[in-house]
Number of protein chains: 2
Amino acid sequence: MTDSVLLDPVDLEILRLLQNDARTTYRDLAAAVGVAPSTCLDRVARLRRSGVILGHELRLDAARLGRGLQALLLVQVRPHRRELIDPFVDRIRGLPESRALFHLTGPDDYLVHVAVTDTADLQRLVLDEFTSRREVARVETRLIFQQWECGPLLPPQRPSAAVTRDA
Amino acid sequence: MTDSVLLDPVDLEILRLLQNDARTTYRDLAAAVGVAPSTCLDRVARLRRSGVILGHELRLDAARLGRGLQALLLVQVRPHRRELIDPFVDRIRGLPESRALFHLTGPDDYLVHVAVTDTADLQRLVLDEFTSRREVARVETRLIFQQWECGPLLPPQRPSAAVTRDA
DNA sequence: CATGAAAACTATACATA
DNA sequence: TATGTATAGTTTTCATG
């Protein structure tokens, strides 16, 4: 499906720095990893082409945008067949309240991360966009008290391999 | 806690464009929203200062980084007291496999989004980092078949208000 | 607050090793 | 592949409206 890519220590350090701040200049990147700026440019372009870097994203504060309440909705879609789930996914992805959508194993078929203004808004969303749909058999709502992004996404530590080869 | 911020149509359009591609230049931004590049710079700087923009992030393909399997772990932490949950949160946030962590209402206290290499790696993670911890009463593992980011995060549509005021 | 012009800095292409 | 340099382009500051 998607092939894993071989990354050397320079690539890894570049990714680590860019995950910390995606607007780090190639000059700073170069200084930090010990290669020329033009080399950094090349590396990043290659990481883009190889599909490791999917894009540059803005991280926003939902609460300051008037969406102070977030929740996870566990949804059962029955019958669980393509004719029903494909339009469901399209519809949910298009909701302005949706932040992320997961298709899962287990008793609940989908998990939807939503950001709303308040509990009244959440009630409206659940009733009008979920339980009102014929294919939605059940929705379980879990409010988010607090959430954290975790450290940078890096390849698993191999016993030794590429990560320790000399530049 | 966090105050909502008043945004005019120019701010909204800038946010919309930057969420689409966080590296859009101020020149292009300016052309798209109909103000001078230096004004865009000002707007973005203000959005940063006001906390609406939290940062610029790289979106990476986990599979191509050798983490082809992702899962959501529903975790019960008992007793659910600060002395136990604070170190739990710190520890989980620090795991290289963790992508995001949510503190929730409902029967499960935490939801952890993890990215691992394969099922063996996931089993190791669950056994060594979760069920082995005294405060972890239960872990339910749900594999992720597929996931989607949803549209840009924008303020809720108000009946009319700021969004339609004349520049 | 917004602007345009100038200055400083960055990204990028390319010739070369 | 990496580098340094040249060029084009972008960001940023600032005086002014």
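Residues numbered from 1 in each chain as written. Chains lettered and ligands numbered in written order. Predicted model: local features only at pLDDT ≥ 70, side-chain atom pairs only at ≥ 80, totals over all residues. Heavy atoms only, no water.

For chain A, the name recorded in an unreviewed UniProt entry is Lrp/AsnC family transcriptional regulator, with Actinacidiphila polyblastidii as its organism.

Caption draft 1: Region of interest: the UniProt feature "domain: HTH asnC-type" (unreviewed entry) in chain A. Sites flagged by UniProt as "domain: HTH asnC-type" (unreviewed entry) map to residues 7-68 of chain A. Counting secondary structure, residues 7-68 of chain A comes out at 53% helix and 13% strand; the distance between its end C-alpha atoms is 40 Å. (UniProt positions renumbered as here; feature names shortened; annotations may be inferred. Helix = DSSP H or I, 4+ residues; strand = E, 2+ residues; numbered from the N terminus.)

Caption draft 2: Broad picture of the interface of chain A and chain B. If you look at the interface, chain A gives 66 residues, while chain B gives 66 residues. When chain A packs against chain B, close to 6,600 Å² is buried across both sides, 59% of that on carbon and sulfur atoms. In this structure, the connection of chain A to chain B is made through four salt bridges. Linking E57 of chain A and R59 of chain B is a salt bridge whose minimum nitrogen-to-oxygen distance equals 3.2 Å. Those elements that provide at least two residues to the side of chain A that touches chain B are helix 1 (9-20), strand 1 (53-60), strand 2 (69-77), helix 4 (82-94), strand 3 (98-104), strand 4 (110-116) and strand 5 (136-149) of chain A. A per-element tally of the side of chain A that touches chain B places strand 5 of chain A first, with nine residues. Taken together, the five bridges between strand 5 of chain A and strand 3 (residues 98-104) of chain B define a ladder with antiparallel strand orientation. Within strand 3 of chain B, the residue paired with W148 of chain A across the bridge is L101 of chain B. (Contact = heavy atoms within 4.5 Å. Buried area = accessible area lost by both parts, 1.4 Å probe. Salt bridge = Lys/Arg side-chain N within 4 Å of Asp/Glu carboxyl O. Pairing = 2+ DSSP bridges.)

Caption draft 3: Up close: the relation of the copies chain A and chain B. Placing chain A over chain B gives an RMSD of 0.1 Å and needs a rotation angle of 180°, together with 0.0 Å of translation along the axis. Taken together, the rotation angle and the small translation identify this as a two-fold axis. Nearest to the rotation axis, the C-alpha of E57 of chain A is located 2.5 Å from it, this being the minimum over chain A. An overlap of 100% is found between the interface residues of chain A and their copies at the interface of chain B, pointing to a shared contact surface. (Least-squares fit on C-alpha atoms with pLDDT ≥ 70 in both.)

Caption draft 4: Structural context of the protein's contact with DNA strand D. Near DNA strand D the following residues occur: V35, A36, S38, T39, R43 and R46 of chain A together with T25, Y26, R27, S38 and L41 of chain B. Here A36 of chain A contributes a backbone N or O atom positioned 2.8 Å from a phosphate oxygen of DNA strand D. R27 of chain B places a side-chain nitrogen or oxygen 3.2 Å from a phosphate oxygen of DNA strand D. At the level of secondary structure, the elements contributing two or more residues to the surface near DNA strand D comprise helix 3 (37-49) of chain A together with helix 2 (26-33) and helix 3 (37-49) of chain B. A per-element tally of the surface near DNA strand D places helix 3 of chain A first, with four residues. In the surface near DNA strand D, the residues fall into four nonpolar, four polar and three charged. (Near = heavy atom within 4 Å. Polar contact = N/O pair within 3.5 Å; in protein donor to acceptor, adjacent residues only side chain to side chain. Nonpolar A, V, L, I, M, F, W, Y, C, P; charged D, E, K, R; others polar.)

Caption draft 5: Region of interest: the sheet that holds strand 4 of chain A. Pairing within the closed barrel is antiparallel, and its eight strands lie in the order 2(A)-4(A)-3(A)-5(B)-2(B)-4(B)-3(B)-5(A). Each adjacent strand pair in this sheet contributes to an overall mean axis angle of 35°, direction not counted. Packed on one face of the sheet, helix 4 (residues 82-94) of chain B meets strand 5 of chain A together with strand 2 (69-77), strand 3, strand 4 (110-116) and strand 5 (136-149) of chain B and runs near 155° to strand 3 of chain B. With respect to the sheet, helix 5 (residues 119-131) of chain B is in contact with strand 2, strand 4 and strand 5 of chain B, its orientation differing from that of strand 5 of chain B by roughly 140°. (Axes fitted to C-alpha atoms, helices over the stretch in contact; angles between N-to-C directions.)

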